[in-house]
Amino acid sequence: DSRPEEAVAAYEAAAGLAPADLDVALNLGHALRLVEAAAGAEEMYRRVLAIRPGAGMAAVGLAGLLSAAGHTDEALGVLTAAAAAVPDDPAQLRELGMAFTALDRRKAALPLLERAVRLAPDNPDMWNALGATRLAADQPDSAQAAFERALDLRPDHVEAINNLGK
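Cut-off values and rules
- Residues numbered from 1 in each chain as written.
- Predicted model: local features only at pLDDT ≥ 70, side-chain atom pairs only at ≥ 80, totals over all residues.
- Heavy atoms only, no water.
- Helix = DSSP H or I, 4+ residues; strand = E, 2+ residues; numbered from the N terminus.
- Rg over C-alpha atoms; globule rule 2.2 N^0.38 Å.
- Buried < 20%, exposed > 50% of the residue type's maximum accessible area, 1.4 Å probe, protein only.
- Contact = heavy atoms within 4.5 Å.
- Salt bridge = Lys/Arg side-chain N within 4 Å of Asp/Glu carboxyl O.
- Axes fitted to C-alpha atoms, helices over the stretch in contact; angles between N-to-C directions.
- Parallel < 35°, antiparallel > 145°, perpendicular 65-115°, else oblique.
- Left-handed = near helix turned anticlockwise from the far one by under 90°.
- Nonpolar A, V, L, I, M, F, W, Y, C, P; charged D, E, K, R; others polar.
- Polar contact = N/O pair within 3.5 Å; in protein donor to acceptor, adjacent residues only side chain to side chain.
- Core = buried A, V, L, I, M, F, W, Y, C linked by side-chain atoms within 4.5 Å.

Q: Got a minute to help me understand the overall build of the chain in this structure?
A: Of regular secondary structure, the chain possesses 10 helices and zero strands. Put simply, the chain runs from its N terminus to its C terminus through helices and strands in the order α-α-α-α-α-α-α-α-α-α. Taken over the C-alpha trace, the chain has a radius of gyration of 17 Å; the compact-globule value for 166 residues is 15 Å, and the two agree within 12%. With the C-alpha coordinates aligned to their principal axes, the bounding extent of the chain is approximately 50 × 35 × 30 Å. Taking all 166 residues of the chain together, 39% fall into the buried category. Taking the intrachain contacts of the chain between residues at least 6 apart in sequence as the baseline, contacts between residues at least 24 apart amount to 43%.

What follows is the structure, encoded as structure tokens:
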């Protein structure tokens, strides 16, 4: 049973106690987004990104808000800046790559996801994300290879199994 209003209140209280805690600000942004308080969520995401430019979840959250408001170019700029700030963080690159994919910018997503795979070649989630974007980019053979690599690494990877249609 989700109670986003209670989450907002709790994170607002936590932010009052620890105003410099970026994790609290990020989670408050997420909670505000759930209660459709876009302006407050945007403020929290921007606060996090001002201090930690490569914060992938903040960039993804802000880009989602901007895109929903019709500001796709600004959303792409936020994602691009965040990706440039974390060139060696595979988890952040994966998040940002999937956000580019969601905005139908697969050409921008693929290099990020390919880099994430090179940085974390034993992580099945990286391979699955790469496969999903390759599939969306109409590259079925290379997508299948990526999904199969994810399953080689973790045979019970549910998303890769579903993506292969098994």
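From this point, the narrative continues.
Q: How should the pattern of salt bridges be read in this particular structure?
A: Any two side chains of opposite charge can pair, given that their charged atoms come close. Across all of its chains, the model carries 10 salt bridges by this definition. For D104, the salt bridge is made with R106, and the minimal N-O distance between the two is 2.9 Å. For R154, the salt bridge goes to D125, with nearest N and O atoms at 3.7 Å. One end of the pair, R154, is in the loop between α9 (140-153) and α10 (158-164); the other, D125, is in helix α8 (residues 124-136), with 29 residues separating them in the sequence. Judged by relative accessible area, which is 33%, R154 ranks as partly exposed. D125 gets classed as partly exposed once you look at its relative accessible area, which sits at 30%. Salt bridges sharing common partners tie together E42, R46 and E74.

Q: Sorry, what's going on with the packing of α8 against α9 here?
A: Describing two packed helices takes the angle between their axes plus the distance from one axis to the other. Two numbers describe how α8 lies on α9: the axes approach to 8 Å, and their chain directions differ by 165 degrees. On the basis of their axis angle, the class for α8 and α9 is roughly antiparallel. Note that α8 runs across α9; the crossing there is left-handed. Contacts from P124, W127, N128, L130, G131, A132, R134 and L135 of α8 reach α9 at P140, S142, A143, A146, F147, R149, A150 and L153. Taken together, the residues of the contact of α8 with α9 break down into 11 nonpolar, three polar and two charged.

Q: What exactly am I supposed to notice about the environment of R134 here?
A: Looking at the element boundaries, R134 is found in helix α8. With a relative accessible area of 15%, R134 lands in the buried category. Through-space distance from the C-alpha of R134 to that of T101 is 9.6 Å; in sequence the pair is 33 residues apart. What R134 contacts, discounting residues up to four positions off in sequence, is L110, E114, Q139, S142, A143 and A146.

Q: I tried to follow the side chain of N128 on my own but got confused; where do I start?
A: Positionally, N128 belongs in helix α8. Using a relative accessible area of 4% as the deciding quantity, one classes N128 as buried. Here the side chain of N128 touches E159 through a polar contact of 3.2 Å, side chain to side chain. Every residue in contact with N128, bar those within four places of it in the chain, is listed here: F147, A150, H157, E159, A160 and N163.

Q: What is the right way to read the nonpolar core from this model?
A: Soluble, globular proteins show a tendency: their nonpolar side chains are buried together. Judged by nonpolar contacts, the single largest core of 48 residues is most densely connected at Y45, V48, L49, A58, A59, L79 and L96. Apart from the residues within four sequence positions on either side, L96 is in contact with G56, A59, V60, L79, A82, A83, V86 and L112.

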